[in-house]
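Overview (structure and organization)
Read off the chains here:
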2 protein chains.
Amino acid sequence: MKKLINSPESVVADALRGMAAAHPELRVDAPAGIVLRAGGAPAGKVALLSGGGSGHEPLHAGFVGPGMLTAAVAGPVFTSPVPEVITRATAEADAGAGVLHIVKNYTGDILNFTMAAEDAEDEGVTVEQVVVDDDVAVAAGQGGPGRRGTGATLFVEKIAGALAESGAPLAEVAAVARKVNERSRSYGVALTSCTTPAKGSPNFELGEGEIELGIGIHGEPGRERRPLLSAAQTAEAMLAAILEDLPQCAGDPVILLVNGLGTTPPIELYVMRAEVERVLSEHGVTVARSLVGNYVTSLDMAGCTLTLCRADAELLELWDAPVETPSLRWGR
Amino acid sequence: MKKLINSPESVVADALRGMAAAHPELRVDAPAGIVLRAGGAPAGKVALLSGGGSGHEPLHAGFVGPGMLTAAVAGPVFTSPVPEVITRATAEADAGAGVLHIVKNYTGDILNFTMAAEDAEDEGVTVEQVVVDDDVAVAAGQGGPGRRGTGATLFVEKIAGALAESGAPLAEVAAVARKVNERSRSYGVALTSCTTPAKGSPNFELGEGEIELGIGIHGEPGRERRPLLSAAQTAEAMLAAILEDLPQCAGDPVILLVNGLGTTPPIELYVMRAEVERVLSEHGVTVARSLVGNYVTSLDMAGCTLTLCRADAELLELWDAPVETPSLRWGR
């Protein structure tokens, strides 16, 4: 295992110390794993809190700031933060209009965020929970935990954050968050697995001539292994899986995320962006907005995920609203 | 070699097609390797052009936009663009006030940009050339080509771009570009080498327990190989090399770049950011501004570079000026 770290035990707190140094506009409690806007949410506006295990940077702390999250909670690598920390962050984030919890669909996260919400409610903070489940590699509605939460989390955080910033009440902010999730689907591929600092060896082995399709963002193996594909073939396979699950896409504009999993060079992500454009246009799908880069990573995994959100005028307007966070920022 | 590409021959043009799809605010000639602001430079203002071999994305095309570059020229991987293309891009970028060429200090780039400048002058375009040479791993002034150009290129492009946007004449824009370069130094380390698509195997081999110090951004081996270091030790070694060459740093605020070389996960770059903060503060150096991320990459190399620029009030004001490019953007 080769990593630029000090020790497996300190990696999350060390990275949060780096966040604090790089971003004085954030208030970071590195030992606890809590990142807040230095000024908090504007008084009387809905606060947004997200979080989960670390290893997916810049998700979530990199999206704390005006127009997006109020607070993020970072657990150990690939491990949910404990309820006590989520409850404390919820109370600190609340500006009097309640807190939206944006939770990726994993058993541990759902359990801990649900317990934390109950404790926060006991302390007088109103909480709504929205679950993100966009990964089509895992089937929904078959009795299991259902689709995993991956790239659509960024879309939910951005769009719900814009509505919260406008002063909308908690129920409306939660409703738009659910709308974004329902209209979003993702799929991921890997050229390598990832290595957690604590384990020190890859979660699964992949040969030099192989690609794994349908992987998760915690080193979960995929649903299919194939001989290495070209970027064109990879984009075709990924979008076939996504569009099968998001059939009403043709004609609607989409918001697109071409996401690196941690060790995919920018030049390769842009090659994928070109092939995604080609395949989508062959399917009659127009890309209205897109992002290309490392947004929801899986430690040192090589590969990428694609996320599509079927947009409408409301979602595009909220997407375009100003945002000012470490890893996503634009003005009007 | 595992890469998300179509073929070694098409990788640069494919990535530029992706840039075009992702950024409609750019005018991209993918086969030629030219990227321009769709609207060109504002009439009567100095234009900035940079470029060089590909494989360093987002440098340079990712920095084309208001407040930074007017145009970028992308050669083949790690190979300078030919003079004809640079000349054409120079003529297209010119808005009547001349063009600043920002050139990294490599023999091929200097040769081709110098020839292109002469040809552009013959066509009636005024050109000034600024050479960036910030990498302290290669000694300056010993008869060789001198220090290599690396991370400081981004600082030069941002700060000179801001001055050009304000309407300053070419001589002043060139002067501030040289000032930034003179006040900037970089140093890089690698945990792995990089693999060019055409060659298909790493440029040098590095053992599982080794780190290479003083590497270049084209797979050039370093000046020292050591047993793997902690992030703390790595930051200490890198900053010792930089501060030795930039001695007047104490007391001055610096602009800092913690740059990933292509396959370094964000969590590791933030760990490095924390250690850099600690070491600099022990040396009495204050970080006034910083960036953390993949800005000047070396294909799929794992590792990072650090760049420090001794700032003053003028440079900080120009740094803070609005910028709106694919990979660097902020408002007032």
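Residues numbered from 1 in each chain as written. Chains lettered and ligands numbered in written order. Predicted model: local features only at pLDDT ≥ 70, side-chain atom pairs only at ≥ 80, totals over all residues. Heavy atoms only, no water.

1. Focus on the environment of A:Asp94
Residues and elements named next belong to chain A. Heads up, the condition is: Elements are defined by DSSP. Helices are runs of H or I of four residues or more, strands are runs of E of two residues or more, and each kind is numbered from the N terminus. It only takes one pair of heavy atoms within 4.5 Å for two residues to be counted as in contact. By the criterion applied in these results, polar contacts are pairs of N or O atoms within 3.5 Å in which, for protein atoms, one can donate a hydrogen and the other can accept it, and in which residues neighboring in sequence qualify only through two side-chain atoms.
Topologically, Asp94 is positioned in the loop between helix H2 (83-93) and strand S5 (99-104). In sequence terms Asp94 and Val127 are 33 residues apart; their C-alpha atoms lie 9.3 Å from each other. Not counting residues up to four positions away in its chain, the partners in contact with Asp94 are Ala47, Val99 and Val125. At a separation of 3.1 Å, a polar atom in the side chain of Asp94 contacts the main-chain amide nitrogen of Gly96.

2. Brief notes about helix H4 (residues 152-165) of chain A
Residues and elements named next belong to chain A. Our working rule: In this scheme, a helix's expected span is set at 1.5 Å multiplied by one less than its residue total. Partly exposed residues are those whose accessible area sits between 20% and 50% of the maximum for their type, while under 20% is buried and over 50% is exposed, using a 1.4 Å probe and protein chains only.
Helix length check: H4 (14 residues) gives 20 Å between terminal C-alpha atoms against 20 Å at 1.5 Å per residue, within 8%. Extensive coverage of H4 is indicated by the burial of 13 of its 14 residues. Of the residues one or two after H4, Gly167 is the one with positive phi, at around 95 degrees.

3. Notes on the pattern of salt bridges
Side chains carrying opposite charge are able to pair once their charged atoms draw close together. Basically, it comes down to this: What counts as a salt bridge is simple: a side-chain nitrogen of Lys or Arg found within 4 Å of a carboxyl oxygen of Asp or Glu.
Across all of its chains, the model carries 46 salt bridges over all chains by this definition. Across the pair B:Arg17 and A:Glu275 runs a salt bridge whose closest N-O atoms are separated by 3.0 Å. Of this pair, B:Arg17 sits in helix H1 (residues 11-22) while A:Glu275 is found in helix H7 (residues 266-282), placing the two residues in two different chains. Its relative accessible area of 3% is what places A:Glu275 among the buried residues. With a shortest N-O distance of 3.0 Å, B:Asp135 and B:Arg148 are connected by a salt bridge. Here B:Asp135 is found in the loop between strand S6 (127-132) and helix H4 (152-165), whereas its partner B:Arg148 is found in the loop between S6 and H4, with 13 residues between them in sequence. Residues joined by salt bridges that share partners form a network here, namely A:Asp14, A:Arg17, B:Glu236, B:Glu275, B:Arg278 and B:Glu282.

4. Here's the deal with the sheet that holds S5(A)
Residues and elements named next belong to chain A. Rules: Pairing between strands is defined by DSSP: at least two bridges between the two strands are required. Here the axes come from fitting lines to C-alpha atoms, over the contacting stretch only for helices, and the angles between their N-to-C directions go from 0 to 180 degrees.
Read from one edge to the other, the open sheet built from six strands follows the order S1-S2-S4-S3-S5-S6, with strand pairing classed as mixed. Strand pairing shows two members of the sheet lacking a second neighbour, strand S1 (26-29) and strand S6 (127-132), which therefore form its edges. Strand after strand, the sheet turns through a mean of 20 degrees between neighbouring axes, direction not considered. When S1 meets strand S2 (residues 34-37), the two strands line up antiparallel, connected through four bridges. Residue pairing for S2: Asp29 is matched across the bridge by Ile34.

5. Brief notes about the environment of A:Val292
All names here are of chain A. Tracing the chain through its elements places Val292 in strand S11 (residues 286-293). Of the residues examined, Val292 reaches a relative accessible area of 15% and is grouped as buried. Along the chain, Val292 and Pro266 lie 26 residues apart, while their C-alpha atoms are 8.1 Å from each other.

6. Concerning the domain arrangement of chain A
Residues and elements named next belong to chain A. Heads up, the condition is: Reported domain spans reflect what an automatic or database domain assignment gives. Two parts lose some accessible area (1.4 Å probe) when they are put together, and adding that loss for both gives the buried area.
Parsing chain A into structural domains produces domain 1 (11-183 + 320-326) and domain 2 (184-315). Relative placement of domain 1 and domain 2: their C-alpha centres are 23 Å apart. Taken residue by residue, the interface counts 31 residues in domain 1 and 38 residues in domain 2. Overall, the association of domain 1 and domain 2 removes approximately 2,900 Å² of surface from exposure, summing both partners, and the carbon and sulfur fraction of that is 59%. Among the residues domain 1 hides against domain 2, the three largest losses belong to Val136, Phe155 and Arg183. Together they make up 26% of the total. Taken together, the connections running from domain 1 to domain 2 amount to five salt bridges. The closest approach of N and O atoms between Asp245 and Arg147, which form a salt bridge, is 3.7 Å.

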